[in-house]
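For reference, the chains in residue letters:
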Amino acid sequence: MSASDLTPPEAARWAARSGLPLAQDRHVPVAVTAEHIHAVVSLLRELDFGETPPSAVYRAGGERHDAAV
């Protein structure tokens, strides 16, 4: 099922299955938010990071800054 197929009742059902029962007035906002998150994640999956190393390799403070302020 894609996020665009997610109806408010279906969002409520999935939330309830996760142990997060929703009040009736929260069904629509939760479905809309889930669709938005799905769209953002889909866009991020399309990015080509090429040779970018994973974040676990990065060490903060290891850069040398040569410029004077």
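Everything here concerns the structure above.
On a predicted model such as this, the values are computed, not experimentally measured, just so you know.

The subject of this paragraph is the overall build of the protein chain. Per the secondary structure count, the protein chain includes two helices and zero strands. Taken over 69 residues, the protein chain has a buried fraction of 10%. Put simply, the protein chain shows about 6,100 Å² of open surface, and 60% of that area lies on carbon and sulfur atoms.

Counted by the stated rule, this structure contains zero aromatic pairs. Across from the ring centre of Trp14, 5.2 Å away, lies the NZ or CZ of Arg13, which sits over that ring.

A separate point is a nonpolar patch on the surface. Together, Val40, Leu44, Leu47 and Phe49 make up a nonpolar patch on the protein surface, roughly 380 Å² of accessible area in all. Tracing the backbone through its elements, the reader meets Leu44 in helix α2 (residues 27-45). For Leu44, a relative accessible area of 48% puts it in the partly exposed group.

We now examine the side chain of His27. Among the structural elements, His27 can be located in helix α2. A relative accessible area of 12% means that His27 is categorised as buried. Residues within four places of His27 in sequence aside, it is in contact with Pro8, Ala11, Ala12 and Leu22.

Reading guide: rules and limits
Residues numbered from 1 in each chain as written. Predicted model: local features only at pLDDT ≥ 70, side-chain atom pairs only at ≥ 80, totals over all residues. Heavy atoms only, no water. Helix = DSSP H or I, 4+ residues; strand = E, 2+ residues; numbered from the N terminus. Buried < 20%, exposed > 50% of the residue type's maximum accessible area, 1.4 Å probe, protein only. Areas by Shrake-Rupley, 256 points an atom, 1.4 Å probe, with all protein chains shown as cover. Phe/Tyr/Trp six-rings, centres within 6.5 Å; stacked < 30°, edge-to-face > 60°. Lys NZ or Arg CZ within 6 Å of the ring centre and 35° of its normal. Patch = residues over 30% accessible without salt bridge, like charges linked within 9 Å, V, L, I, M, F, W, Y side chains within 5 Å. Salt bridge = Lys/Arg side-chain N within 4 Å of Asp/Glu carboxyl O. Contact = heavy atoms within 4.5 Å.

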